[in-house]
Amino acid sequence: MTNENVLYQRNPVYIPRVAAVHDMCGYGKCSLTAAIPILSAAGCDVCPVPTALFSAHTLYKTYTFHDTTSILSEYLDAWKEENVDLDAVYSGFLGSPEQVDLVERLYKEYPHALRLVDPVMGDGGHMYPTYTQELCEATKRLAVGADILMPNLTEASILTDSEYPGQNISDDQVNTIIDALLDLGAHNVVLKGIDREDGNLRNYVANENTRSAGKIELVHEKLPYMIHGTGDTFASSLSGAVLAGKPLDEAARIAGEFVRKAMASTRNQPHFEERGVSFELVLGELTGLVE
């Protein structure tokens with residue numbers, strides 16, 4: 001892939017507006033608590049659309065969950081009345097099937113906005129506790145016309161109605177998954193988190209024109225521990241790099257390295273195994289992206 005895969009032509013004196021359609025966790029590093037600072041560091045104006053309110057993320061034994069679906073139509077009505085404009089719609093965790101309709105409403109009202117889809121549904125072969133089969137089925141609609149679709153292997157399996165293959169998959173399996181995701185109607189796919197147990201993690205970038213035959217493999221050092229929230233951190237930093245005007249493959253490389261450096265920093269924080277990835281000390285990696 002070359003510069004023709006630049007999805008956003010960035011004016012360096014303009015600050016693009018991004019609707020971040022994600023949940024908000026009061027404690028634990030993920031979703032909006034990742035998207036807001038990371039996209040802001042990359043020079044974006046983040047406009048949150050909170051899809052749910054959690055006291056803490058779902059890896060904690062005790063948490064509260066409040067679905068915000070009932071307030072969001074009026075919330076978006078107020079934006080429309082004030083002539084709010086958007087350059088991108090970046091969706092992640094959704095609280096109900098009806099929220100897919102709300103994301104599609106944003107697509108309709110802002111047809112020029114980039115569609116950045118992180119289909120946050122599960123990990124490790126399992127759906128997240130608050131997700132239902134109905135919500136997963138509705139989420140598949142967001143793949144249609146997505147400028148970037150960014151699933152992990154669990155989410156790719158759900159989207160394509162296929163069996164979760166585990167993390168250590170062959171190149172042929174990667175190709176099959178990428179082509180199946182593109183068949184859903186996505187323009188570009190970033191398949192993340194392939195672990196072949198060789199000390200590295202791999203992400204793959206492909207587009208509708210080259211498909212899996214022209215995919216780009218991005219390899220990053222695997223650290224000897226896993227941390228909650230790295231998927232949100234990756235998707236947010238990738239989206240920020242794209243909106244800084246970087247080609248998609250370069251944006252995916254930047255995001256992978258940002259996550260690796262954030263994870264290295266996180267190891268020094270108390271209770272990091274539970275709380276999640278701490279990226280604050282490496283946000284400077286993103287502040288110089290806009291040229």
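Because the structure is predicted, anything quoted here is derived from the model rather than measured.

**Student:** Can you explain the overall build of the protein? Please cite residues and give values.
**Tutor:** For the protein, the helix and strand inventory stands at ten helices and eleven strands. For the protein, whose C-alpha radius of gyration is 18 Å, the value lies close to the compact-globule estimate of 19 Å for 291 residues. Along the first, second and third principal axes, the C-alpha atoms of the protein reach 55 × 45 × 40 Å. About 12400 Å² of surface is accessible on the protein, with carbon and sulfur atoms providing 50% of the total.

**Student:** With reference to specific residues and values, describe the environment of Val21.
**Tutor:** Note on placement: Val21 falls in strand β1 (residues 17-27). Of the residues examined, Val21 reaches a relative accessible area of 4% and is grouped as buried. If sequence neighbours within four positions are ignored, Val21 has contacts with Val49, Thr51, Val89, Tyr90, Ser91, Gly92, Phe93, Leu94, Val103 and Leu106.

**Student:** Quick one: what's the story with helix α7 (residues 230-243), residue by residue and with numbers?
**Tutor:** An ideal rise of 1.5 Å per residue puts 20 Å on 14 residues; α7 measures up with 20 Å between its terminal C-alpha atoms. For α7, a buried count of 13 out of 14 residues is recorded, marking the element as mostly surrounded by other parts of the structure. Following α7 by one or two positions, Gly245 adopts a phi angle in the positive range, close to 95°.

**Student:** Mind laying out the pairing of β1, listing which residues take part and the relevant values?
**Tutor:** In terms of strand pairing, β1 meets strand β2 (residues 45-56) through nine bridges, oriented parallel. Bridging from a neighbouring strand, Arg17 pairs with Asp45 of β2. Here β1 runs beside strand β4 (residues 88-91); their pairing, made up of four bridges, is parallel. Considered in β4, the bridge of Val18 is made with Ala88.

**Student:** How would you explain the pairing of β4 if you had to name every residue and give the values?
**Tutor:** Here β4 shows two buried faces, one formed by Ala88 and Tyr90 and the other by Val89 and Ser91. The pairing of β4 with strand β5 (residues 114-117) spans four bridges and is parallel. Residue pairing in the sheet places Ala88 in a bridge with Leu114 of β5. You can see the chain leave β4, run along helix α3 (residues 98-109) and come back into β5, and the turn it takes is right-handed.

**Student:** Give a description of the packing of α7 against helix α8 (residues 248-266) that names residues and reports values.
**Tutor:** Put simply, α7 and α8 touch, their axes get as near as 8 Å, and they point 140° apart. Considered as vectors, α7 and α8 are oriented oblique to each other. Relative to α8, α7 is oriented so that their crossing is right-handed. Residues Thr230, Thr233, Phe234, Ser237, Leu238, Ala241 and Val242 of α7 form the contact with α8, whose participating residues are Leu248, Ala251, Ala252, Ile254, Ala255, Gly256, Phe258, Val259 and Met263. When the residues that make up the contact of α7 with α8 are grouped by side-chain class, the tally is twelve nonpolar, four polar and no charged.

**Student:** Hey, could you go over the packing of aromatic side chains for me, with residue numbers and the actual values?
**Tutor:** Under the criterion given, the structure shown has seven aromatic pairs. Relative to Phe65, the ring of Phe54 lies with its centre 4.9 Å away and its plane at 40°, an arrangement referred to as tilted. One end of the pair, Phe54, is in strand β2; the other, Phe65, is in strand β3 (residues 65-67), with eleven residues separating them in the sequence. Sitting over the face of the ring of Phe279, Lys29 holds its NZ or CZ atom 4.7 Å from the ring centroid.

Here is what the cut-offs are and how they apply
Residues numbered from 1 in each chain as written. Predicted model: local features only at pLDDT ≥ 70, side-chain atom pairs only at ≥ 80, totals over all residues. Heavy atoms only, no water. Helix = DSSP H or I, 4+ residues; strand = E, 2+ residues; numbered from the N terminus. Rg over C-alpha atoms; globule rule 2.2 N^0.38 Å. Areas by Shrake-Rupley, 256 points an atom, 1.4 Å probe, with all protein chains shown as cover. Buried < 20%, exposed > 50% of the residue type's maximum accessible area, 1.4 Å probe, protein only. Contact = heavy atoms within 4.5 Å. Expected span 1.5 Å × (residues − 1). Pairing = 2+ DSSP bridges. Right-handed = clockwise from strand over helix to strand, strands pointing away. Axes fitted to C-alpha atoms, helices over the stretch in contact; angles between N-to-C directions. Parallel < 35°, antiparallel > 145°, perpendicular 65-115°, else oblique. Left-handed = near helix turned anticlockwise from the far one by under 90°. Nonpolar A, V, L, I, M, F, W, Y, C, P; charged D, E, K, R; others polar. Phe/Tyr/Trp six-rings, centres within 6.5 Å; stacked < 30°, edge-to-face > 60°. Lys NZ or Arg CZ within 6 Å of the ring centre and 35° of its normal.

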